Structure formats: structure tokens, C-alpha cells
Amino acid sequence: MPADAADRLRIAWLGPPPNDAGGVPFMATVLIEALANRGHRIELFFAGDPELVADRVASHENVTVVSVDNTWEYDRWYSRSDALKHVTGGLFQVVNLARLGRALRRRHRQAPFDLVYQFSTLEVVAPLFAGRGLPPIVIHPEVHAAGELRWLWRERALARRCEPRWKTILAGLLLAARSAAQFVLSRKAEAFIVPSRRFAELLASDYRLDPQRCFVAPNPIDTERFVPAHGDDRPTGPLHVTMVSRVAVRKGIDLMVSVARELADLEGEVLITIIGDRSLWSDYRPLLDDLDPRVARWAGHLGPADVRDRLQRSRVVVQPSRYEPFALTVGEALACGTPVITTAEVGASEDVAAGAATRTAADARALADAIRRALLADESEVPRELARCEALRLFDPAVVADRVEGHIRTVLRRSGRPRRDAR
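Residues numbered from 1 in each chain as written. Predicted model: local features only at pLDDT ≥ 70, side-chain atom pairs only at ≥ 80, totals over all residues. Heavy atoms only, no water.

> Explanation requested: the pairing of strand β2 (residues 41-47) in the structure shown.
The side chains of a regular strand alternate, residue by residue, between the two faces of the sheet. Taken across its 7 residues, β2 has 6 buried, putting it largely inside the fold. Inspection of the sheet shows strand β1 (residues 10-14) paired to β2 by 5 bridges, in the parallel sense. From the neighbouring strand, Leu14 faces β2, where its bridge partner is Phe45. (Buried < 20%, exposed > 50% of the residue type's maximum accessible area, 1.4 Å probe, protein only. Helix = DSSP H or I, 4+ residues; strand = E, 2+ residues; numbered from the N terminus. Pairing = 2+ DSSP bridges.)

Spelled out as C-alpha cells, the structure:
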């Protein structure tokens, strides 16, 4: 329901350009659009080409795009290797955020904002360069460096099988530096809106934050894009089990290799497909050489439309992560009417009804047993309607926007700062 004119918020949004390609930038598109549909005025601050912004956002009457030139480019001397991209990308981000901070301050003087909403990253650099006088800062992170660092360390034996040691060491040093920076800079935020209770626990513990400053709102899913397949579109032949993930640290790639071995007796009856590619700083693709080809395969990177098709056509979608603040593909699978099997660390499944989501330990045998039970069910017993209903109940953009707005208003009340219209 749109807010009354007097209650409409004026929001300065900092984050990557929202687009329609998928992943976190697409989730930003969905959330911005839902908040704008409620009547709130949103100004997007980002570094890059304004043409990168999704039309459905850029053309919205309640959205204004404010961009600065991106000072980091591909195919330069500083971006010709993964290591250089990782190092210089972070340094250039600081420069870009500083420039955005100055632009934000200028706009704030012209027409005051109610809050700064920093999306995706925890480093609150821009306000430091922008000076004092900004409204409360709310951060909406999707991951934190301390969590990534923890699992890079715990999985160092896996990393040694896949990558040169110097790369793992470099990634660890960079993550340690980011973790320290996030620890300090997060103090500049008034509050955090995070996608799961488990992530809130980890964030508060790792960075010694007051848990009362962490508010939970699940990530929104475009429930009009992700819809169940028609009955005639269901595949014939082996039952499809799908995992969509980066082939990288903490995602449970090694667990899926072991799961395939556990299910080898189902040759011809089941096909496990792993979809995804490496990350910039972690590459576990060599582990996939051990996939049992009788029941499993790696499909590599697929485009958004193909991923949606796989989610729709699967009997079950599996997410075996050891650290996963949310997992958008879990919510997208549910919106497609496909049940999910996840570890207890996956934030997206923590409030989903048991019939639509099965949560297990991060253990290959437990995951394999859960998959067997799902595959043994008759097609008529597969809870597809329940999965879809749970996605609408938890992740529909209007539902999430209502929850986010409620958290923002709580933060503004707690901050004790007057609303811009009351100044």
C-alpha cells in the first residue's frame, strides 16, 4: 500500500547499479521498484554508465539516477589478472565511493534525505569523505568479509588442491584487511538490515555489534519472473537435481561431489547438475573433476533465462553452503514451485515451511538421504504448490518492501533525529 504523502521517505541509495541480469543487482532492482511503488522517493548513487540501470527503475517516477564516471576499467594494466582485479577493484571502489559521497552531500544540501541506504557492501567509506551532517546510515549487506575469511581458512586444504598457494594467501590478506575495515567502518551505521537471522548472529558476533541494531528482512524475489512451469514442460527421463552457485569457497562444492558418489546407485534415474562458475578470488573448479559422470555433471555458467528454466524443471534444488547469508536461487526455486534442500546455514530457507524446504547438516550423507527421500516421492506428492505459496508469503517484493520500510521507520525513531519535513 502506498505511503501517505506526509509519510513518504526520501532515500539516498548507495550500491551497484540495479539491472535485470540476475543476482544481487537484480534483487536491488526488485527492492528499489517495490519501495518506489509505495511512494518513496529514491535517488540512486553509483559509479558507472547510467545506461546500466534497469529501465523499470530508471524510468520510475519516484527514482532519480545520480552517477559518476567509474574510474576502474577492464583491460587496463591494473585489471589484466584476477589478482590485480581483486586488489585494484577494492582501491578504486574507495575512490568512487568518495566521489559519490561528495555528490550525495551536495544533493542532501539541496533537498535533505531521511536516510542513506547503503546496499550490498559493508564498507561505509563515502560518508567519511562527505563530511558531517548526513542523515542516519542504514546498511543492507549481502555478505561480510569475516565470514568469507573464516571459510577460506577452514577450507585451505581444498584451496591447495585447486589453486596456487600465493593466490589463497593473497585472498586471505585482502579479506583480513576488508574484515578489519568493516569492523571499524560499520560503527558509522545507525542500523543493519540483513536477509536472515543466522547472518544477523554472525555479523553481530564477528564485528561486536549490538544485536538490537540488526533487523531481518529476507531478500525479495521477482515472483512474476520466477513462476512454475506448465505441466507439459516438465522433463522426461532422469529426475533433475540442481545446484546453482559459485564454484568457490564455502559453497559446499566438495559436498556435492560426495553426494554424487552416495547416489551413484541411482544411475539412469537421477541427474545432478551443478550450474555456476568460479569467483574472482576463489576457484574450486578442479574439484568437479571428481564428479561421478553416471549421475552428475557441471554445466558451467548459464544465463538468467536458462537458470530459471533449470529451476522450473528440477525435482529439487540443493544448496549445500557452509556459510550463506541468503541464497537468492533458493528463493527463486521456491517461486518456481520447486522444493529445496539446504544446509542449516542457508538464510533463505530458515522460515520456509518444512514441506517446501528440508534443512540438514552440512554433511554429504545427510544431503544425499534428503535427496533420496525427495526423489522417492510420487510426482503428485511433490509440494510444488506449497513451495510457490511460501515464496509469495516470504519473498514477494511488496511483502519485503513493507518489512524494510517498517525497519527504516523504527531506525529513524530510535535515532532521535527529526524528519527532513520537520526541520
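> What should I look at first to understand the side chain of Ser321 in this one?
Its place among the elements puts Ser321 in the loop between β11 (316-319) and α11 (328-335). By relative accessible area, which is 0% here, Ser321 ends up buried. Within polar-contact distance, the side chain of Ser321 engages the side chain of Gln319 at 2.8 Å. Ignoring sequence-local partners within four residues, the contact set of Ser321 consists of Arg250, Lys251, Gly252, Thr343, Glu345 and Val346. (Polar contact = N/O pair within 3.5 Å; in protein donor to acceptor, adjacent residues only side chain to side chain. Contact = heavy atoms within 4.5 Å.)

> What is the right way to read the nonpolar core from this model?
Nonpolar side chains in soluble globular proteins tend to be buried together. One finds Phe45, Phe192 and Val259 to be the most contacted residues of the largest nonpolar core, which totals 68 residues. Residues contacting Phe192, with those up to four places away along its chain left out, are Leu122, Ile139, Ser186, Leu203, Leu209, Arg213, Cys214 and Phe215. (Core = buried A, V, L, I, M, F, W, Y, C linked by side-chain atoms within 4.5 Å.)

> What is the right way to look at the pairing of strand β8 (residues 239-244) in this model?
β8 sits mainly inside the fold: 5 of its 6 residues count as buried. Summarising the sheet, β8 and strand β9 (residues 270-275) pair through 6 bridges and their orientation is parallel. Following the sheet pairing, His240 is matched in β9 by Leu271. Taken together, β8, helix α9 (residues 253-262) and β9 form a β-α-β motif whose crossover is right-handed. The sheet contact formed by β8 and β11 spans 2 bridges and is parallel. Directly across from Val241, in β11, lies its bridge partner Val316. (Right-handed = clockwise from strand over helix to strand, strands pointing away.)

By themselves these figures say nothing about function.
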